[in-house]
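Structural overview for review
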Amino acid sequence: MDNHDILSMKPISIVAEGRFDGQPRPTKIPQIVHQAWTDEKLPKRWAHCIASVRRFHPGWEYKLWTHDGSLAYVQEHRPRLYPIFAGFNREMMRCDVMRYVAMHDVGGLYCDLDYEFIRPYNYADADLVLGYELELAMGDWKEALASCMFASAPGHPLWRDLIEYVIESKPVSKTERDILNLTGPGLLTKIFFENRHAYPPMTVQPRLVFSPYRMRGKHERQTLLNNGVTIGIHNAFGSWKQ
């Protein structure tokens, strides 16, 4: 994929009929929030992030995928994937792949535990909602998709292709960092760009919407609130390393 091909892909924004009243009511994406952690004892340092997801998705069902729950689900519903899934040598690899399985089989919204919503998002009639984590238009050196937050109707072929790739490649992590490309955002980006022309219409939002710059100053949060565009902030506390 050359730079011309990359630049030819324009973000598609959802324009809903009527005025968005701040209550997410997607027509195709199920109203269920998926998150993942080792067990049900969620770290207190992320409580405000988790609360923000619920605040801006009132009435949505909430599903926490634990280590044991994920293994049990994949063993029952994904027998071809299970030996690879159970054999991953890093827990984060299971977390990565479980979010793909959840999006394909159930659908809904997935976000990391350290992802904080600052305003509601209008999912409208989208089948798939993704966002850039790196974007040439923002001065980044390449284009890459974020895996910290996305939403989908069940059965979207992107998730099928990701799961099949994992089954065929049987990834094994040698270092902490290689997870990003083996099962994480690097793999999501690879599969998406290789197959996007075969996928049905989707929404891919600019980086500023779902994954803006990391906040380092005391005034940056207010700037994001004031811009009227940014939906959430990935606090990047490094949960994927744990």
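Before reading further, recall that the structure is shown in the block above.
First, a word on scope: everything that follows refers to the structure included in this document. All of these numbers come straight from a predicted model, not from anything done at the bench.

Summing up its helical and strand segments, the chain has 10 helices and 9 strands in all. Split into buried and exposed, the 242 residues of the chain put 52% on the buried side. Looking at the chain alone, contacts between residues at least 24 apart form 76% of all its contacts between residues at least 6 apart. Element-wise, carbon and sulfur atoms account for 52% of the exposed surface of the chain, whose accessible area totals about 11,900 Å².

Applying the stated rule across the entire model yields 0 disulfides. In this model Cys49 remains outside any disulfide bridge; the closest cysteine sulfur is found in Cys111, 9.1 Å from its own. Given the relative accessible area of 0%, Cys49 is considered buried.

What follows concerns the environment of Gly107. Structurally, the position occupied by Gly107 is in the loop between helix 5 (91–105) and strand 3 (108–111). Distance from Gly107 to Leu128, taken between C-alpha atoms, is 9.5 Å for residues 21 residues apart in sequence. Leaving out residues up to four positions away in the same chain, Gly107 has contacts with Pro30, Ile32, His34, Ala102, Ser152, Ala153 and Pro154.

The next thing to look at is the side chain of Ser70. Mapped onto the elements, Ser70 comes out in helix 3 (residues 67–77). Owing to a relative accessible area of 6%, Ser70 belongs among the buried residues under this scheme. When near neighbours in sequence (up to four residues on either side) are disregarded, Ser70 contacts Trp65, Phe85 and Met98.

Within this structure, the stated rule accounts for 11 aromatic pairs. Ring plane angle 35° and centroid distance 5.6 Å describe the contact between Tyr110 and Phe150, whose orientation is recorded as tilted. Here Phe150 lies in strand 7 (residues 149–152) and Tyr110 lies in strand 3, a separation of 40 residues in the sequence. With respect to class, Tyr110 is no different from Phe150; both count as buried. Seen in terms of ring centroids, Tyr121 and Phe210 are 5.1 Å apart; in terms of plane orientation they differ by 65°. Their pairing is edge-to-face. One end of the pair, Tyr121, is in the loop between strand 4 (115–117) and strand 5 (128–134); the other, Phe210, is in helix 9 (residues 207–210), with 89 residues separating them in the sequence. Judged by its relative accessible area of 2%, Phe210 falls in the buried class.

This part is about unusual backbone geometry. Backbone geometry at Ala124 places phi at a positive 50°, although glycine is not the residue there. Examined against the element boundaries, Ala124 turns out to sit in the loop between strand 4 and strand 5. Owing to a relative accessible area of 12%, Ala124 belongs among the buried residues under this scheme. Within the chain, Lys170 stands out as a residue other than glycine whose phi angle is a positive 45°. Its relative accessible area of 52% is what places Lys170 among the exposed residues.

Time to look at helix 5. The terminal C-alpha atoms of helix 5 lie 21 Å apart, and with 15 residues this matches the ideal 21 Å at 1.5 Å per residue to within 8%. Counting buried positions over the 15 residues of helix 5 gives 13, a clear majority of the element. At the exit of helix 5 stands Gly107, carrying a positive phi of roughly 80°.

This part covers helix 2 (residues 47–55). For helix 2, the complete set of buried residues consists of Cys49, Ile50, Ser52 and Val53. Buried residues of helix 2, viewed axially, fall in a sector of 155°; they line one side. Where the residues of helix 2 are buried, they touch strand 1 (32–36), strand 2 (61–65), strand 3 and strand 4.

Turning our attention to the nonpolar core. Generally speaking, soluble globular proteins have nonpolar side chains that are buried together. Core analysis: the biggest nonpolar cluster contains 39 residues, and Leu81, Leu158, Trp159 and Phe192 have the highest contact counts within it. No other element matches the 9 residues that helix 5 contributes to this core.

Right, let's get into the pattern of salt bridges. Counted under the stated rule, the structure contains 11 salt bridges. Here Arg25 ties to Asp21 by a salt bridge, and the two come within 3.0 Å at their closest N and O atoms. Take Arg25: its relative accessible area is 51%, and that puts it in the exposed class. For the salt bridge of Glu91 with Arg94, the shortest nitrogen-to-oxygen distance reads 3.1 Å. With Glu91 and Arg94 both in helix 5 and 3 residues apart, this pair spans about one turn of that helix. Given the relative accessible area of 28%, Glu91 is considered partly exposed. Classification of Arg94 as buried rests on a relative accessible area of 10%. Three or more residues joined by partner-sharing salt bridges are found here, namely Asp96, Arg99 and Asp112.

Reading the values: the criteria
- Residues numbered from 1 in each chain as written.
- Predicted model: local features only at pLDDT ≥ 70, side-chain atom pairs only at ≥ 80, totals over all residues.
- Heavy atoms only, no water.
- Helix = DSSP H or I, 4+ residues; strand = E, 2+ residues; numbered from the N terminus.
- Buried < 20%, exposed > 50% of the residue type's maximum accessible area, 1.4 Å probe, protein only.
- Contact = heavy atoms within 4.5 Å.
- Areas by Shrake-Rupley, 256 points an atom, 1.4 Å probe, with all protein chains shown as cover.
- Disulfide = S-S within 2.5 Å.
- Phe/Tyr/Trp six-rings, centres within 6.5 Å; stacked < 30°, edge-to-face > 60°.
- Expected span 1.5 Å × (residues − 1).
- Arc of directions from axis to C-beta.
- Core = buried A, V, L, I, M, F, W, Y, C linked by side-chain atoms within 4.5 Å.
- Salt bridge = Lys/Arg side-chain N within 4 Å of Asp/Glu carboxyl O.

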